[in-house]
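# Results of the structural survey
Residues per chain are reported as follows:
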Amino acid sequence: SPQTTHTPLCGAGSCSVPSLQHSQKMLRGKRVIVTGASSGIGEQMAYHLARMEAHLLLTARTEAKLQKVVERCLELGAASARYISGSMDSPSLPEQVLREAENTWGGLDMLILNHIGQSSFSYFSGDVGHVRKLMETNFVSYVALATAALPLLKESEGSIVVVSSIAGRIAGPFTAPYSATKFALDGFFSSLRQELIIDKVNVSITLCILGYINTGKPSPAHSPKEECALEIIRAGALRRRELHYPARAVGTALLVRSIAPELLDSLVRSSYRLENVRRT
Ligand SMILES: NC(=O)C1=CN([C@@H]2O[C@H](COP(=O)(O)OP(=O)(O)OC[C@H]3O[C@@H](n4cnc5c(N)ncnc54)[C@H](OP(=O)(O)O)[C@@H]3O)[C@@H](O)[C@H]2O)C=CC1
Ligand SMILES: C[C@H](CCC(=O)O)[C@H]1CC[C@H]2[C@@H]3C(=O)C[C@@H]4C[C@H](O)CC[C@]4(C)[C@H]3CC[C@]12C
């Protein structure tokens with residue numbers, strides 16, 4: 001299928017699981033856009049890609065942070081690194097980002113969609129305006145970026161990587177707007193993947209279903225952002241349909257949901273200390 005036929009990863013009859021080194025080498029000299037690259041998982045993806053000697057175009061709102069990330073990427077060995085700052089709730093930014101890639105590189109190999117707007121962990125406040133804005137930032141801009149990138153990715157037989165969450169597969173409480181944006185990503189990009197396969201277009205779409213990742217202070221309960229970032233890049237390079245990270249936690253939750261959804265809902269509800277959750 002177009003999801004798996006791009007680059008032969010192992011010789012006939014040899015390995016079936018390509019090595020980490022192999023997927024890293026596959027990115028040398030490739031032209032990659034990473035959104036939400038000024039902090040967290042996106043920043044770590046930029047550093048891994050820099051070590052792999054990729055060409056990088058990074059985006060986020062905060063120019064001062066992007067400048068520092070670009071400098072570090074160049075120190076780490078990026079073939080080139082630049083940025084565009086702006087908010088992804090602006091309808092013109094996705095086109096601008098893709099124009100920059102076309103003008104500077106003449107093409108694109110991988111689009112990593114990772115940014116998210118501000119969300120809080122609280123009861124739904126009834127603020128429909130917030131839902132609309134978050135849909136623009138977390139969902140519509142992903143669609144706009146992928147749409148603008150598709151002609152270039154068709155030419156290079158490249159890849160789209162969509163960073164989503166377990167909250168985009170299993171709706172727990174206190175994340176209604178965020179969860180809605182992540183469910184929407186699954187619907188859109190899984191449908192688009194089907195169309196690309198029907199049309200024999202060799203552009204892969206990898207949907208990343210992440211559990212809780214440590215993007216702040218070190219915590220044994222959360223998975224490390226550095227490893228998570230590497231797994232996302234690797235899944236994209238290998239043209240996987242989905243990444244589940246951390247594999248065991250996400251896999252178990254999805255399995256329990258498919259067998260006993262009400263049991264899972266109740267386990268999720270009882271895992272929170274309700275007195276700590278805000279109502280506004
Ligand atoms: N951390 C976790 O536990 C989990 C994360 N995920 C997913 O991983 C991805 C990365 O998350 P994480 O690293 O934690 O997030 P962070 O909050 O650390 O980073 C978010 C990035 O998006 C940028 N950003 C924020 N608002 C906007 C905006 N309006 N327009 C453009 N860029 C914006 C931020 O930079 P700036 O403020 O400069 O704009 C930053 O670079 C997300 O898709 C998230 O849903 C999924 C499951 C769990
Ligand atoms: C509770 C979820 C993890 C379940 C698990 O352990 O498997 C979390 C996974 C993603 C989180 C959300 C996220 O990353 C975006 C926001 C970040 C803010 O700092 C807090 C609110 C979030 C909506 C956050 C909420 C918990 C998760 C859904």
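Residues numbered from 1 in each chain as written. Chains lettered and ligands numbered in written order. Predicted model: local features only at pLDDT ≥ 70, side-chain atom pairs only at ≥ 80, totals over all residues. Heavy atoms only, no water.

As recorded by an unreviewed UniProt entry, the protein chain carries the name 11-beta-hydroxysteroid dehydrogenase 1 and is attributed to Catharus ustulatus. Quoted straight from UniProt, the Subunit (unreviewed entry) entry for the protein chain says "Homodimer." The annotation that UniProt attaches to the protein chain under Subcellular location (unreviewed entry) is "Endoplasmic reticulum membrane". (UniProt positions renumbered as here; feature names shortened; annotations may be inferred.)

### Details of helix α5 (residues 128-156)
An ideal rise of 1.5 Å per residue puts 42 Å on 29 residues; α5 measures up with 40 Å between its terminal C-alpha atoms. Maximal helix bending in α5 amounts to about 50°, located at L150; proline P151 follows within four positions. (Helix = DSSP H or I, 4+ residues; strand = E, 2+ residues; numbered from the N terminus. Expected span 1.5 Å × (residues − 1). Bend = angle between axes of the 7 residues up to and from the residue.)

### As for the pairing of strand β3 (residues 80-85)
Sheet topology note: the strand β2 (residues 55-60)/β3 ladder contains six bridges and is parallel. Opposite H55, over in β3, you have S80 as the bridge partner. (Pairing = 2+ DSSP bridges.)

### Let's talk about the site of ligand 1
By nearness alone, 28 residues border ligand 1, and S38, R61, T62, Y178 and I213 come closest of all. Between ligand 1 and the protein, one listed contact pairs an oxygen atom with a backbone N or O atom of I41 at 2.8 Å. One of the side-chain N or O atoms of Y178 is found 2.6 Å from an oxygen atom in ligand 1. Burial of ligand 1 by the protein chains amounts to 87% of its free accessible area of 880 Å². A total of three residues in the shell around ligand 1 trace back to one element, the largest contributor, which is strand β5 (residues 159-165). (Near = heavy atom within 4 Å. Polar contact = N/O pair within 3.5 Å; in protein donor to acceptor, adjacent residues only side chain to side chain. Areas by Shrake-Rupley, 256 points an atom, 1.4 Å probe, with all protein chains shown as cover.)

### A short note on the site of ligand 2
Taken together, S119, F121, S165, I166, A167, T175, Y178, Y212 and Y272 make up the full set of residues near ligand 2. Burial of ligand 2 by the protein chains amounts to 66% of its free accessible area of 570 Å².

### Re the state of the cysteines
Enumeration according to the criterion identifies zero disulfides in this entry. For C73, which is in no disulfide, the shortest distance to another cysteine sulfur is to C228 and amounts to 17 Å. Not engaged in a disulfide, the cysteine C228 finds its nearest cysteine sulfur in C208; these two sulfurs lie 7.8 Å apart. Here C228 falls in the buried class, since its relative accessible area comes to 0%. (Disulfide = S-S within 2.5 Å. Buried < 20%, exposed > 50% of the residue type's maximum accessible area, 1.4 Å probe, protein only.)

### Regarding the packing of aromatic side chains
Centre-to-centre distance and the angle between the planes together describe a pair of aromatic rings. Evaluated as defined, the whole model comprises six aromatic pairs. Seen from their ring centres, F174 and Y272 are 5.8 Å apart, and the 75° between their planes marks the pair as edge-to-face. Here the residue F174 occupies a position in the loop between β5 and α6 (176-198), and Y272 occupies one in the segment after α9 (261-270), the gap between them amounting to 98 residues. Here the aromatic rings of F188 and F189 are separated by 5.0 Å at their centres, their planes lie at 80°, and the arrangement is edge-to-face. Here F189 falls in the buried class, since its relative accessible area comes to 1%. Ring pairs connect the aromatic residues F121, Y123, F174 and Y272, which therefore count as one cluster. (Phe/Tyr/Trp six-rings, centres within 6.5 Å; stacked < 30°, edge-to-face > 60°.)

### Quick word on α6
The first and last C-alpha atoms of α6 sit 33 Å apart over 23 residues, in line with the 33 Å expected at 1.5 Å per residue. K200 sits one or two positions beyond α6 and adopts a positive phi of about 55°.

### Re the pattern of salt bridges
Across all of its chains, the model carries seven salt bridges by this definition. Residue R31 pairs with D109 through a salt bridge whose shortest N-O separation is 2.9 Å. Within this pair, whereas R31 is found in strand β1 (residues 31-35), its partner D109 is found in the loop between α4 (93-105) and β4 (110-113), the two being separated by 78 residues in sequence. As far as the burial class goes, R31 and D109 line up, both buried. Where R82 meets E100, a salt bridge forms, and the shortest distance between an N and an O atom there is 2.9 Å. A residue pair is termed long-range when its members are at least 10 positions apart, and R82 in strand β3 and E100 in helix α4 qualify at 18 residues. What makes E100 partly exposed here is its relative accessible area of 21%. Overlapping salt bridges bring together R169, D186 and E242 as one network. (Salt bridge = Lys/Arg side-chain N within 4 Å of Asp/Glu carboxyl O.)

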